[in-house]
Every structure is written in structure tokens, then in C-alpha cells.
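Close look at the chain arrangement
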Amino acid sequence: MLFVKPAALLFAGLLLTASANAAPHVGKPAPDFSAVDSNGKTVKLADFRGKTVVLEWTNDGCPYVQKHYSTNNMQALQKDATAKGVVWLTVISSAPGYQGHVTGDEANSLTKERGAAPTAVLLDPEGAVGHLYDARTTPHMFIVNGEGSLVYMGGIDDKATTDTADVKTARNYVRAALDNLAAGVPVENAVTRPYGCSVKYKAAY
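Quick look at the overall build of the protein now. The secondary structure content of the protein amounts to seven helices and nine strands. By element, 56% of the accessible surface of the protein is carried by carbon and sulfur atoms, the whole surface being about 10800 Å².

Before going further, it helps to examine the sheet that holds strand 2 (residues 42-44). Across the sheet, seven strands lie side by side as 2-1-5-4-3-7-8; this open sheet has mixed pairing. The strands lining the two open edges of the sheet, one partner per strand, are strand 2 and strand 8 (150-154). The sheet shows a mean angle of 30° between the axes of neighbouring strands, taken without regard to direction. Against the sheet, helix 7 (residues 173-183) engages strand 3 (53-57), strand 7 (140-144) and strand 8, with an angle of about 5° to strand 7.

Of all the positions in helix 4 (residues 104-114), only Gly104, Ala107, Leu110 and Thr111 are classed as buried. The arc enclosing the buried residues of helix 4, seen along the axis, measures out at 120°, which places them on a common side. Set apart from the buried face of helix 4 by more than 90 degrees, the exposed residues are Asp105, Lys112 and Glu113. Gly115, located one to two residues past helix 4, shows a positive phi value of around 65°.

To continue, consider the environment of Asp105. Here Asp105 is to be found in helix 4. The sequence separation of Asp105 and Asn39 amounts to 66 residues, and the corresponding C-alpha distance is 7.7 Å.

A covalent bond bridging the sulfur atoms of two cysteines is what the word disulfide describes. Here the structure, examined in full by the defined rule, presents one disulfide. Shown here is the disulfide that connects Cys62 with Cys197, its sulfur atoms set 2.2 Å apart. Here Cys62 and Cys197 share a disulfide; its torsion about the S-S bond, 90°, makes the bridge right-handed. Of this pair, Cys62 sits in the loop between strand 3 and helix 2 (63-70) while Cys197 sits in strand 9 (residues 197-198); the two residues are 135 residues apart in sequence, bridging distant segments of the chain. Taken individually, Cys62 and Cys197 each receive the classification buried, so the pair is uniform in this respect.

Below, the discussion takes up the side chain of Thr90. Tracing the chain through its elements places Thr90 in strand 4 (residues 87-92). Looking at Thr90, its side chain comes within polar contact range of the side chain of Glu56, at 2.7 Å. The residues contacting Thr90, other than those within four sequence positions of it, are Glu56, Thr58, Gln78, Pro118, Ala120, Val121 and Leu122.

Attention shifts here to helix 7. Taken together, the buried positions of helix 7 are Tyr173, Val174, Ala177, Leu178 and Asn180. Projected down its long axis, helix 7 carries its buried residues within an arc of 155°, all on one side. Away from its buried face by more than 90 degrees, helix 7 exposes Ala182 and Ala183. Looking at the buried positions of helix 7, the neighbouring elements they touch are strand 3, helix 3 (73-83), strand 7 and strand 8. Looking at where helix 7 begins, the residue whose side-chain oxygen comes 3.1 Å from the main-chain nitrogen of Val174 is Asn172. One or two residues past the end of helix 7 sits Gly184, with phi positive at roughly 75°.

Let us now look at the layout of surface pockets. As a volume, the largest pocket reaches approximately 180 Å³. Lining the largest pocket are Thr52, Leu77, Asp80, Ala81, Lys84, Val86, Arg175, Leu178, Asp179, Leu181 and Ala182. For the lining of the largest pocket, the secondary-structure elements that each account for two or more residues are helix 3 and helix 7. Among the elements that make up the lining of the largest pocket, the one with the highest residue count is helix 7 (five residues). Across the lining of the largest pocket, the residue classes break down as six nonpolar, one polar and four charged.

Cut-offs used in this document
- Residues numbered from 1 in each chain as written.
- Predicted model: local features only at pLDDT ≥ 70, side-chain atom pairs only at ≥ 80, totals over all residues.
- Heavy atoms only, no water.
- Helix = DSSP H or I, 4+ residues; strand = E, 2+ residues; numbered from the N terminus.
- Areas by Shrake-Rupley, 256 points an atom, 1.4 Å probe, with all protein chains shown as cover.
- Pairing = 2+ DSSP bridges.
- Axes fitted to C-alpha atoms, helices over the stretch in contact; angles between N-to-C directions.
- Contact = heavy atoms within 4.5 Å.
- Buried < 20%, exposed > 50% of the residue type's maximum accessible area, 1.4 Å probe, protein only.
- Arc of directions from axis to C-beta.
- Disulfide = S-S within 2.5 Å.
- Polar contact = N/O pair within 3.5 Å; in protein donor to acceptor, adjacent residues only side chain to side chain.
- 1 Å grid on protein atoms, 1.4 Å probe; cavity = no way out; pocket = protein on both sides within 12 Å on 5 of 7 lines; lining within 4 Å.
- Points joined across faces, edges and corners; volume = space filled by probe spheres on them.
- Nonpolar A, V, L, I, M, F, W, Y, C, P; charged D, E, K, R; others polar.

By themselves, these are just geometric observations and shouldn't be taken as functional.
Given below as C-alpha cells:
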């Protein structure tokens, strides 16, 4: 009979835990998830296999998010992408009592008021999807290709400020990545530095 030392079992368990909680990597399968949207519908990433999917982490109280919505930058990107068949999922991981937390009705009102055009707004108050993707800021952007692989993760552009004037001169990494995918070429800048407010996750005790 083979006996395994408790220390070895503990080490193996730590490895499994680390693997399960590993951050996503470009070129690897995007972490699958299931979440409820602002209309109470369950949305699964796997349901969109064959389509490009954009994940946008947001918080309407964050000045960095406000920069991109007040200038219509985010809405224009959403509309351009979805018009080409891209699935756009806006994710709200703010916990109850924290900045940016909204109900489904409030999320729908925000979408209407801002003229936004996501495919769906996902409510993630427990932070499950956010932690799965290691989403750190609002906005934090991810792109998944039709094969289910993560092909972009990072900032929306290269101007890490709240200055609305910077939108005009910024290099929009998300738009460029989507253009690369449409052209059938590798994403030129597949990993960039995200910037914005910290995601307002539920406090861990």
C-alpha cells in the first residue's frame, strides 16, 4: 500500500487551488462563466462560441469610466463592434453598498440614459466573474475570439487620465484589437496596462 505524507497532500492541494485561481492569459482559453444580466437572464460565455466577445468592466461613479461615456467614446465603440457581430458584455462587479453597485433596473436606466449599446449588462455583485478574470480597474477590457481564446486584456487606450480631451488623441487598443481580428491577423498589442478606479469588490473577511 502506498502512503502519502500529509505534507505532500497539502502541497498538491495548494497547487490545485493556485491553478483554479490562476489569472487569465492571452492565448489560453478564456475562463468560462455564467452570470445573470440586468433583465434577469442567465448569460454564459460558452453560448457565444463562434463569435468575438468583448468584456468591459464598469462603474458609473468612476471618473475614468465617466470620461469614456461623457465623450461617447465607449458607446461609439460598442455600436461599431456590435454592428459587426461582436458580442459586448458590460460587467458590473461593484458589491452592494459600494460605488457603482446597481440593480437590474438601474443598470437598464443607465444604459438608456447614456445611449450605450452593450449586448448585455452582467451583474456580478459577489465578484465571481471579476475575480475569475482578475479584473482590477474600471474600465478593464478583455476580448475573446470565436474559438474561446483570450486575445486581448488591458486598458481601453493608452491615455491613463480622466481628461476628456485625451480621448481624441489616444490609441484605442480595443478598437485596434478588433480590427486585427477582423483582418485575420494576430492582435498587435495583446496585453496592455489597465487603468481606472479599482473594482469595488465585496470585502473579504
